[in-house]
Amino acid sequence: MSATQFTPRVFSGIQPSGNLHLGNYLGALKRFADMQGLEMETVYCMVDMHAITVWQDPSELAHSTRELCAGFIAAGVDPEQSILFNQSQVPEHAQLAWIFNCVARMGWMQRMTQWKDKAGKNQQNASLGLLAYPSLMAADILVYHATHVPVGDDQKQHLELTRDIAIKFNNDFGIDFFPITEPVIEGAATRVMSLRDGAKKMSKSDPSDMSRINMTDDADAIAKKIRKAKTDPDALPSDVDGLEGRPEARNLVNIYAALSDQTVAQVLSEVGGKQFGTFKPMLADLAVARLSPISTEMARLMNDQSEIDRILARGSERARAIAAPILDRTYEIVGMVGAGKR
Ligand code: TYM
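Residues numbered from 1 in each chain as written. Predicted model: local features only at pLDDT ≥ 70, side-chain atom pairs only at ≥ 80, totals over all residues. Heavy atoms only, no water.

Let's talk about the nonpolar core
Nonpolar side chains in soluble globular proteins generally cluster together in the buried interior.
Argument step 1. Core analysis: the biggest nonpolar cluster contains 62 residues, and Tyr25 and Phe72 have the highest contact counts within it.
Argument step 2. Ranked by residues supplied to this core, first place goes to helix H12 (residues 276-302) with 12 residues.
Argument step 3. Summarising the domain contributions, this core has at least three residues from each of domain 1 (9-190 + 304-334) and domain 2 (209-300).
Argument step 4. One finds Leu96, Ala104, Trp108 and Met112 within the second-largest nonpolar core, a separate group that totals 48 residues. (Core = buried A, V, L, I, M, F, W, Y, C linked by side-chain atoms within 4.5 Å. Buried < 20%, exposed > 50% of the residue type's maximum accessible area, 1.4 Å probe, protein only. Helix = DSSP H or I, 4+ residues; strand = E, 2+ residues; numbered from the N terminus. Domains from an automatic or database assignment.)

Here you go:
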């Protein structure tokens, strides 16, 4: 069954594991905000249960979850228009994940690049949750029968696995119940790279803070990081082909395009021929203009944490109203006695 036979619904999630950065903003948050009002219900989640697949200090986890909620709202996600909540308040995610643990195969999980990267050489010592992570992610999406999932490029493999789980469940039980979800990986900034190395993704776990722009950085820090970003000695090209083999130049132009809502070709027609000495201050001004109102608003929202908690509680209730009947029906399909009577 294709996703088009289901009511269109958007779902996506972000881990509350600290250091929200420009990649999260351009690859996810900004696009989440843009997808509101497109005649699709939008459901957005702080995936705290995913975060604990690696160790999280409990008080930091709570702080990061609230800060991430503030980040969603400051980036333009409206908690009335969208459903905004944290994963652990909707137990249906974990319940469906268990069913999917019994549908998915070990080999599927062991092939995931994120598992290999995060577990590293010491797989025996990684948590079982880290291995099963994609099964919980499939449950996050499918417990809402979500059809569209906006993410950055690094989540593509997990979304393919989500489709595999839905297909196998539907085949195993001979029923077209779960939609085959469409990944939405679009725009100039689906893979924002490190400012220090154009071959590495911008990441919260990079030991160098100069490699990323954090959403809590002030104007001086943003300008400094862009000024010091690695580049090459040539002027910017006037067309997209000219970025070939120039990963750092491509990254800065992509960032400029995404922040200014233009295509890369449009940006190059404006800045082609300029040296980085001219382009970097333009990019810094744009980044500060876009990001500093967000960080100011995040700080303001964090002053009233009980309001954030109320938003998350209300979002969780709205999320459960969708998830509970889908989980009940899943239990019934699987043959669990008492399904539908919870
Ligand atoms: P997470 O928390 O690592 O990242 C959140 C979102 O930010 C995007 N992203 C980037 N985009 C562009 N450039 C970058 N450098 C960059 N770094 C991160 C990610 O692609 C993601 O969209 N497994 C997910 C969370 C998750 C989820 C889900 C997502 C759990 N359940 C269900 C969608 C649907 C993750 O770890 O994202």
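A few points about helix H13 (residues 305-334)
Argument step 1. For H13, built from 30 residues, the straight-helix expectation of 44 Å at 1.5 Å per residue is met to within 8% by its first-to-last C-alpha distance of 41 Å.
Argument step 2. Positioned one or two residues after H13, Gly335 has a phi angle of 100 degrees, which is positive. (Expected span 1.5 Å × (residues − 1).)

Describing the site of the ligand
Argument step 1. Within the structure, the ligand sits among 28 residues, and Gln15, Tyr133, Asp140, Asp154 and Val192 are positioned closest to it.
Argument step 2. Val192 places a main-chain nitrogen or oxygen 2.8 Å from a nitrogen atom of the ligand.
Argument step 3. Because more than half of its atoms lie within 2 Å of the grid, the ligand is assigned to the largest pocket.
Argument step 4. If you list the elements that add at least two residues to the shell around the ligand, you get strand E1 (9-14), helix H1 (22-34) and helix H7 (128-142).
Argument step 5. The residue inventory of the shell around the ligand, partitioned by class, reads 12 nonpolar, 11 polar and 5 charged. (Near = heavy atom within 4 Å. Polar contact = N/O pair within 3.5 Å; in protein donor to acceptor, adjacent residues only side chain to side chain. 1 Å grid on protein atoms, 1.4 Å probe; cavity = no way out; pocket = protein on both sides within 12 Å on 5 of 7 lines; lining within 4 Å. Sits in = over half its atoms within 2 Å of the grid points. Nonpolar A, V, L, I, M, F, W, Y, C, P; charged D, E, K, R; others polar.)

Remarks on the domain arrangement of the protein chain
Argument step 1. Each assigned domain of the protein chain is listed with its residue range as follows: domain 1 (9-190 + 304-334) and domain 2 (209-300).
Argument step 2. Relative to domain 2, the C-alpha centre of domain 1 lies at a distance of 29 Å.
Argument step 3. Counting from both sides, the interface comprises 16 residues of domain 1 and, opposite them, 17 residues of domain 2.
Argument step 4. Of the roughly 1400 Å² buried at the junction of domain 1 and domain 2 (both faces included), carbon and sulfur atoms supply 73%.
Argument step 5. For the interface between domain 1 and domain 2, the tally reads 1 salt bridge.
Argument step 6. In this structure, Lys30 engages Asp261 in a salt bridge whose closest nitrogen and oxygen atoms are separated by 2.6 Å.
Argument step 7. Joining domain 1 to domain 2, the criterion identifies 3 residue pairs in polar contact (both at pLDDT 80 or more).
Argument step 8. Listed by contribution, the elements that provide at least two residues to the side of domain 1 that touches domain 2 are H1 and helix H3 (58-74).
Argument step 9. Broken down by element, the residue count for the side of domain 1 that touches domain 2 peaks at 5 residues, all from H1.
Argument step 10. For the side of domain 1 that touches domain 2, the class distribution of residues is 10 nonpolar, 3 polar and 3 charged. (Contact = heavy atoms within 4.5 Å. Buried area = accessible area lost by both parts, 1.4 Å probe. Salt bridge = Lys/Arg side-chain N within 4 Å of Asp/Glu carboxyl O.)

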